[in-house]
Amino acid sequence: MSHRSSRGTAFSEMFMKNDPSRPADSHRDPSTLSSPTKDQFSHQGKKTFKRGYASKPPVSSKVLIDKYTEGELDAVSLVHQLSSILEFHLEMKETVTTGNLPGLYFAFCVVIDGVEYKTGIGITKKEARQKAAQLALLDFLPTLESPKFLLPEASDVPPPLPVKEKLSISDMHEKTCSVNLQISNAVRDQLTKQMNSHPEFSPCAGTTAAFIIQTSSGCEAVALGTGNFNAKESASTGGRIVHDSHALVSARRSLMRFLYRHLLMFFSKTANLTEKSVFEQSGSGLLSLKSGITLHLYVNQLPKGAAQIPSQLRLNPLSISAWQFNNEISLHLSVEGKVFSVFSSTFDHSASKVVSMSATDKLTQWQVLGFQGALLSHFIEPVYVHSILVGNVGCSDVRGLKMSVSQRVEGITSQLPMFYCMMTPHISLVPAVASNTSDRGQFTLGINWSEGDSSLEVVDGLAGRAVEQSPFKSSPSLASRLCKAAMLHRFKLVAKEARRLDLLATSSYREAKRMAKPYQEAKNVLRAHLLQQGFGPWLEKHSVSDNFNM
């Protein structure tokens, strides 16, 4: 079945699971959608629509466990989803095989809140992870029936930790609200600090996106980005044009700069700097974030694309809502600040110079592949966000974001290579850290900053370069510190410090990315999954834009 012919079933089932109970303002322009055809309506009318839970709360742990026992959900997916619902720390750790087993076997164990469960063994890494998850669930699920989280009594686990009382729903809600408030305050404090230093750029703050590190000592905003546009210029052959300057993309590239900085600290010869790095050595051969560090994302606005699906849509076969929903939840293209469904007939591909996937689709990808990207995956395990907080100015519903980030990629974890998974974040509304007003004179401008920067950089989104008035300018050419060439430079610095001669020998940015084999495999799995499920094809980049060296 082609991806187009499968759209009716895939989208209708998702919609029926998320049919809202209250209306809200539409965030999207229907003119960007393709018109429904008679064939489309006829096709949808023949489908058998599954009955959903309409406006009921998100799926409970009991429902997930029932699906697992009935064979509808695999063990790896269940432990990941339970970690999100029950808020425990989960790690899938590669270990060593026990006993003298002939041939090559892989071994994994599940770690829940620091407690290692029995080792799963398989002839492939995927099989070993499934076995490990199954063994963990055998011990862990019975404890959920008790009013307390009890630890397994198997002889091959560490001594029991103190019993942890199970939080009531009200206690968990209070705890979550407290953390969300800390995260919002951390973003507001850092944004206020930057805007007070450069008040002339304060109108840019309305689109703010930020990444926050949470540790035992509190929350700290480590990367900021604002912006709302793609570049007008054609793809850069030297990697010095920033093609996508939307806030979420700029914040994520600022986060990458933060990660590069801490990798240099880790690989430095100075013990004090190594200790201050957010990274630690793991048993996998790659570095990972230190235990106890979690990453969060704040966005002042819903990202463009499927996250902005109108809340009042209802699904009836042959209805305009059914057709519109199909277009809304599909993958989207972004060009010069506007978004179009990949199935839209109103978008002229030949007339556009720079086109990228929407910010929502990129967010979906990063929650599977990690926010570190291909180059950093040579050094570190995938980095995921634990929660996504959305500013509530002009937004009353995060249903579209939840569907886009989680449900479109549901069940993909078992197909992914080691370290990669579909990480389901907690998504909630919080008070906005900045108003959404904008100055038309600064409409195309965006700022970026990451922890350790002496000043912010201001980029013209349509030009893809820094502006003359920017407090930070990297060179007379005004190439942004977020451009691909700048990222390749940092990659080479880290490769040198890590003594990775194979990476230093790469001939181009493109080759360095392609050498990240597990990352590329995970990316191919993700895009094939989205296509197969009927969400549309992922945009293929022009190879010329990555085929450069320093």
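Residues numbered from 1 in each chain as written. Predicted model: local features only at pLDDT ≥ 70, side-chain atom pairs only at ≥ 80, totals over all residues. Heavy atoms only, no water.

Identification of the protein chain as Adenosine deaminase domain containing 1 from Gasterosteus aculeatus aculeatus is taken from an unreviewed UniProt entry.

Asker: Quick one: what's the story with the overall build of the protein chain, residue by residue and with numbers?
Answerer: Helix and strand counts for the protein chain come out as 16 helices and 18 strands. Counting every position in the protein chain, which comprises 550 residues, the buried fraction comes to 53%. Contacts in the protein chain between residues at least 24 apart in sequence constitute 68% of all its contacts with a sequence separation of at least 6. Accessible area for the protein chain stands at about 24,400 Å²; split by element, carbon and sulfur atoms hold 53% of it. (Helix = DSSP H or I, 4+ residues; strand = E, 2+ residues; numbered from the N terminus. Buried < 20%, exposed > 50% of the residue type's maximum accessible area, 1.4 Å probe, protein only. Contact = heavy atoms within 4.5 Å. Areas by Shrake-Rupley, 256 points an atom, 1.4 Å probe, with all protein chains shown as cover.)

Asker: With reference to specific residues and values, describe the environment of Leu 363.
Answerer: Secondary-structure assignment places Leu 363 in helix H10 (residues 359-369). Taking the relative accessible area as the measure of exposure, Leu 363 reaches 1% and is therefore buried. Put simply, Leu 363 and Val 249 are 114 residues apart on the chain and 8.8 Å apart in space, counted from C-alpha to C-alpha. If we skip the residues at most four places from it in the chain, Leu 363 touches Leu 248, Leu 297, Pro 303, Phe 371, Ile 388, Leu 401 and Val 405.

Asker: Residues and numbers for the packing of helix H7 (residues 247-267) against H10, please.
Answerer: Look at H7 against H10: their axes get within 9 Å of each other, and the N-to-C directions meet at 35°. The segment H7 lies against H10, with Leu 248, Val 249 and Arg 252 engaging Ala 359, Lys 362, Leu 363 and Trp 366. A class-by-class count of the residues in the contact of H7 with H10 yields 5 nonpolar, no polar and 2 charged. (Axes fitted to C-alpha atoms, helices over the stretch in contact; angles between N-to-C directions. Nonpolar A, V, L, I, M, F, W, Y, C, P; charged D, E, K, R; others polar.)

Asker: Can you lay out unusual backbone geometry for me, pointing to particular residues and giving the numbers?
Answerer: You will see that Leu 478, though not glycine, has its phi angle at about 65°, which is positive. Along the chain, Leu 478 falls in the loop between strand S18 (465-466) and helix H13 (484-497). For Leu 478, a relative accessible area of 14% puts it in the buried group. Phi is positive for Arg 499, which is not a glycine, with a value near 60°. Mapping Arg 499 onto the fold places it in the loop between H13 and helix H14 (501-504). Note on Arg 499: relative accessible area 65%, which makes it exposed.

Asker: Before we move on, could you go through the confidence of the model for the protein chain and cite the residues and values that matter?
Answerer: Looking at the protein chain as a whole, its pLDDT mean stands at 80, while 75% of the residues score no less than 70. In this model, residues 147-157 is a region of pLDDT below 50 whose contacts with residues beyond four sequence positions or in other chains number 22 contacts. Contacts of residues 314-321 to residues separated by more than four positions or lying in other chains number 21 contacts, the stretch itself having pLDDT below 50. (pLDDT = per-residue confidence, 0-100.)

Asker: Give me the sheet that holds strand S17 (residues 457-460): which residues, what numbers.
Answerer: A sheet is described by the order of its strands in space; here 8 strands give the open sequence S15-S14-S10-S6-S7-S16-S17-S18, paired in mixed fashion. Every other strand in the sheet has two partners, leaving strand S15 (426-430) and S18 as the edge strands with one partner each. Two elements, strand S14 (residues 387-391) and S15, share 5 bridges in a ladder whose sense is parallel. Opposite Ser 387, over in S15, you have His 426 as the bridge partner. (Pairing = 2+ DSSP bridges.)

Asker: Any details on helix H4 (residues 75-86)? Residues and values, ideally.
Answerer: The end-to-end C-alpha distance of H4 is 16 Å, a good match for the 16 Å that 12 residues give at a rise of 1.5 Å each. With 11 of 12 residues buried, H4 lies mostly within the body of the structure. Among the residues of H4, Ala 75, Val 76, Ser 77, Leu 78, Val 79, His 80, Gln 81, Leu 82, Ser 83, Ser 84 and Leu 86 are the ones counted as buried. Structurally, the start of H4 carries an N-cap: the backbone nitrogen of Val 76 is 3.1 Å from a side-chain oxygen of Asp 74. (Expected span 1.5 Å × (residues − 1). Polar contact = N/O pair within 3.5 Å; in protein donor to acceptor, adjacent residues only side chain to side chain.)

Asker: Provide a residue-level description of the pairing of S14, including the pertinent values.
Answerer: Among the 5 residues of S14, 5 are classified as buried, and the element is accordingly described as predominantly covered. Burial along S14 is two-sided: Ser 387, Leu 389 and Gly 391 facing one way and Ile 388 and Val 390 facing the other are all buried. Here 4 bridges tie strand S10 (residues 294-299) to S14, and the two strands are oriented parallel to one another. From the neighbouring strand, Tyr 298 faces S14, where its bridge partner is Leu 389. Of the crossover connections in this fold, the one passing from S14 over helix H12 (residues 399-405) to the parallel S15 is right-handed. (Right-handed = clockwise from strand over helix to strand, strands pointing away.)

Asker: Can you explain the sheet that holds strand S13 (residues 356-357)? Please cite residues and give values.
Answerer: Within the open sheet, the 3 strands sit side by side as S12-S11-S13. Their pairing is antiparallel. At either end of the open sheet lies a strand with only one pairing partner, and these are strand S12 (338-341) and S13.

Asker: Any details on the side chain of Ser 250? Residues and values, ideally.
Answerer: Among the secondary structure elements, Ser 250 is positioned in helix H7. Leaving out residues up to four positions away in the same chain, Ser 250 has contacts with Leu 224, Gly 225, Thr 226, Ser 245 and Leu 482.

Asker: Talk me through the environment of Leu 376; I want residue IDs and the actual numbers.
Answerer: Positionally, Leu 376 belongs in helix H11 (residues 373-376). Each C-alpha atom, one on Leu 376 and one on Leu 259, is 8.2 Å from the other, the two residues being 117 residues apart in sequence.

Asker: With reference to specific residues and values, describe the packing of helix H3 (residues 61-69) against H4.
Answerer: One way to put it is that H3 packs onto H4 with a least axis distance of 10 Å and a crossing angle of 175°. Comparing their axes, H4 and H3 come out roughly antiparallel. Between H3 and H4, the residues in contact are Ser 61, Leu 64, Ile 65 and Tyr 68 and Ala 75, Leu 78, Gln 81, Leu 82 and Ile 85, respectively. Here the contact of H3 with H4 is built from residues that sort into 7 nonpolar, 2 polar and no charged. (Parallel < 35°, antiparallel > 145°, perpendicular 65-115°, else oblique.)

Asker: Talk me through the pattern of salt bridges; I want residue IDs and the actual numbers.
Answerer: Scanning all chains against the criterion turns up 9 salt bridges. The shortest N-O distance in the salt bridge between Arg 257 and Asp 453 comes to 2.8 Å. Here Arg 257 is found in helix H7, whereas its partner Asp 453 is found in the loop between strand S16 (445-450) and S17, with 196 residues between them in sequence. Taken as a pair, Arg 257 and Asp 453 share a single burial class, namely buried. The residue Asp 361 makes a salt bridge to Arg 408 at a minimum N-O spacing of 2.8 Å. With Asp 361 in helix H10 and Arg 408 in the loop between H12 and S15, the pair connects residues that are 47 residues apart, well separated along the chain. There is no split in this pair, since Asp 361 and Arg 408 are both buried. A single salt-bridge network, built from bridges that share partners, covers Arg 257, Arg 261, Asp 453 and Arg 481. (Salt bridge = Lys/Arg side-chain N within 4 Å of Asp/Glu carboxyl O.)

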